Amino acid sequence: MLTRQRKELLLARLHKDGQIVAKSLSEELGLSEDTIRRDLRELASEGLLQRVHGGALPPSPALGNFAQRQQISSDTKPAIARAAAAMIEPGQVVFIDGGTTAVQLARALPQDLRCTVVTHSPSVAVELVEHPLVDVILIGGRLFKHSVVAMGPAALEAITQIRTDIYFMGVCSLHPQTGISTGDFDEAGVKRAISSMAQRTVVLASPEKLDTASPYQIAPLSQVHTIIVTGDAPEALVAPYRNMGIAIARA
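Because the structure is a prediction, the values reported are computed rather than measured.

1. Focus: the nonpolar core
General note: in soluble globular proteins, nonpolar side chains tend to be found buried as a group.
Logical step 1: Counting 33 residues, the largest nonpolar core has Leu 174, Ile 180, Val 203, Ile 227, Val 229 and Tyr 241 as the members making the most contacts within it.
Logical step 2: Elements that contribute at least two residues to this core include exactly β8 (149–151), α8 (153–159), β9 (164–170), α9 (185–196), β12 (198–204), β13 (216–219), β14 (226–229) and α10 (235–243).
Logical step 3: With residues near it in sequence (within four places) discarded, Val 229 still touches Ile 80, Ala 205, Leu 210, Val 238, Ile 248, Ala 249, Arg 250 and Ala 251.
Logical step 4: In this structure, Ala 83, Ile 88, Cys 115 and Leu 204 belong to the second largest nonpolar core, which totals 26 residues.

Structure representation (structure tokens):
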């Protein structure tokens, strides 16, 4: 079998099964594991899959830049945002992450809601200017342009000084085996720090992020309290998370 044919087969199997297990596939095809792993490495370098221990998972389309991500699931993100906004109770201190769904969440907050919003996203902060009863604490630092959020030592120091009731986390990827992950090493560390200071972590999971993987793990799923998904998300996709004791909220 030619290299091109093998790679096409691997991508077809990934699309069909949602994952590749190198050992099983090598036995099925009568190829060495080294050959399969080499093909997976090359496909990963092209951005066509994400390597994980023992095989591969689909890559997240949420790894694109901010403008590109605004076009992904644009019809479902407002519904997820409204479901998240309904979780906030008056007087709470909540952390709203950066990203396109987080901006929708800021827009969805009721005008009469009195609470404190902490964010490292200038985009989120600007959305809340016209909310008279929302006190906004904006975390500063170096601007990470991919997600339009502040990062770096100054941001981390400020984050670790504020305990929040809820952290609404945006992620690139969510998978029962690999947990929650993102495409930047430093961003993963910032999200991990925010989550550690929150009583509850709520993941905003638009459809394209489910059952995908990104290079850098944020945290294991045991750290997640709730995942908000769209109302039409297939039960087969969300059941593994529910079986782990994670609450599933359908938007």
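2. A word on the sheet that holds β14
Logical step 1: With parallel pairing, seven strands are arranged side by side in an open sheet as β6-β5-β4-β9-β12-β14-β15. Since the sheet does not close on itself, it has two edges, and those belong to β6 (134–138) and β15 (247–250), each with one partner. Pairs of neighbouring strands in the sheet enclose a mean axial angle of 25°, with direction left out of account.
Logical step 2: In this structure, β12 lies alongside β14, joined through three bridges in parallel fashion. Directly across from Val 203, in β14, lies its bridge partner Ile 227.
Logical step 3: The strands touched by α10 are β14 and β15; relative to β15, the strand with the most contacts, the crossing angle is about 145°.

3. A look at the pairing of strand β4 (residues 93–96)
Logical step 1: As judged from the three bridges shared by β4 and strand β5 (residues 115–119), these two strands associate in the parallel manner. Note on β5: the bridge partner recorded for Phe 95 is Val 118.
Logical step 2: Since β4 and β5 lie parallel, the crossover through helix α6 (residues 100–108) that links them has a hand, and here it is right-handed.
Logical step 3: Where β4 and β9 come together, three bridges link them in parallel fashion. Note that in β9 the partner of Phe 95 across the bridge is Tyr 167.

4. Quick word on empty space enclosed by the protein
Logical step 1: Taken as a whole and judged by the stated rule, the model has two cavities of 30 Å³ or more.
Logical step 2: A volume near 40 Å³ is recorded for the second largest cavity.
Logical step 3: Around the second largest cavity sit Phe 95, Val 118, Ala 158, Ile 159, Ile 162, Thr 164, Ile 194 and Met 197, which together line it.
Logical step 4: A breakdown of the residues in the lining of the second largest cavity according to their chemical character gives seven nonpolar, one polar and no charged.

5. What about the sheet that holds strand β11 (residues 179–182)?
Logical step 1: Spatially, three strands are ordered β10-β11-β13 in an open sheet, and the strand pairing comes out antiparallel. Each end of this open sheet is capped by a strand with a single partner; those strands are β10 (173–175) and β13. Adjacent strand axes in the sheet meet at a mean angle of 35° when their direction is disregarded.
Logical step 2: Taken together, the three bridges between β11 and β13 define a ladder with antiparallel strand orientation. Bridged to Ser 181 within β13 is Gln 217.
Logical step 3: Against the sheet, α9 touches β11 and β13, its axis set at about 5° to β13.

Rules of the game
- Residues numbered from 1 in each chain as written.
- Predicted model: local features only at pLDDT ≥ 70, side-chain atom pairs only at ≥ 80, totals over all residues.
- Heavy atoms only, no water.
- Core = buried A, V, L, I, M, F, W, Y, C linked by side-chain atoms within 4.5 Å.
- Buried < 20%, exposed > 50% of the residue type's maximum accessible area, 1.4 Å probe, protein only.
- Helix = DSSP H or I, 4+ residues; strand = E, 2+ residues; numbered from the N terminus.
- Contact = heavy atoms within 4.5 Å.
- Pairing = 2+ DSSP bridges.
- Axes fitted to C-alpha atoms, helices over the stretch in contact; angles between N-to-C directions.
- Right-handed = clockwise from strand over helix to strand, strands pointing away.
- 1 Å grid on protein atoms, 1.4 Å probe; cavity = no way out; pocket = protein on both sides within 12 Å on 5 of 7 lines; lining within 4 Å.
- Points joined across faces, edges and corners; volume = space filled by probe spheres on them.
- Nonpolar A, V, L, I, M, F, W, Y, C, P; charged D, E, K, R; others polar.

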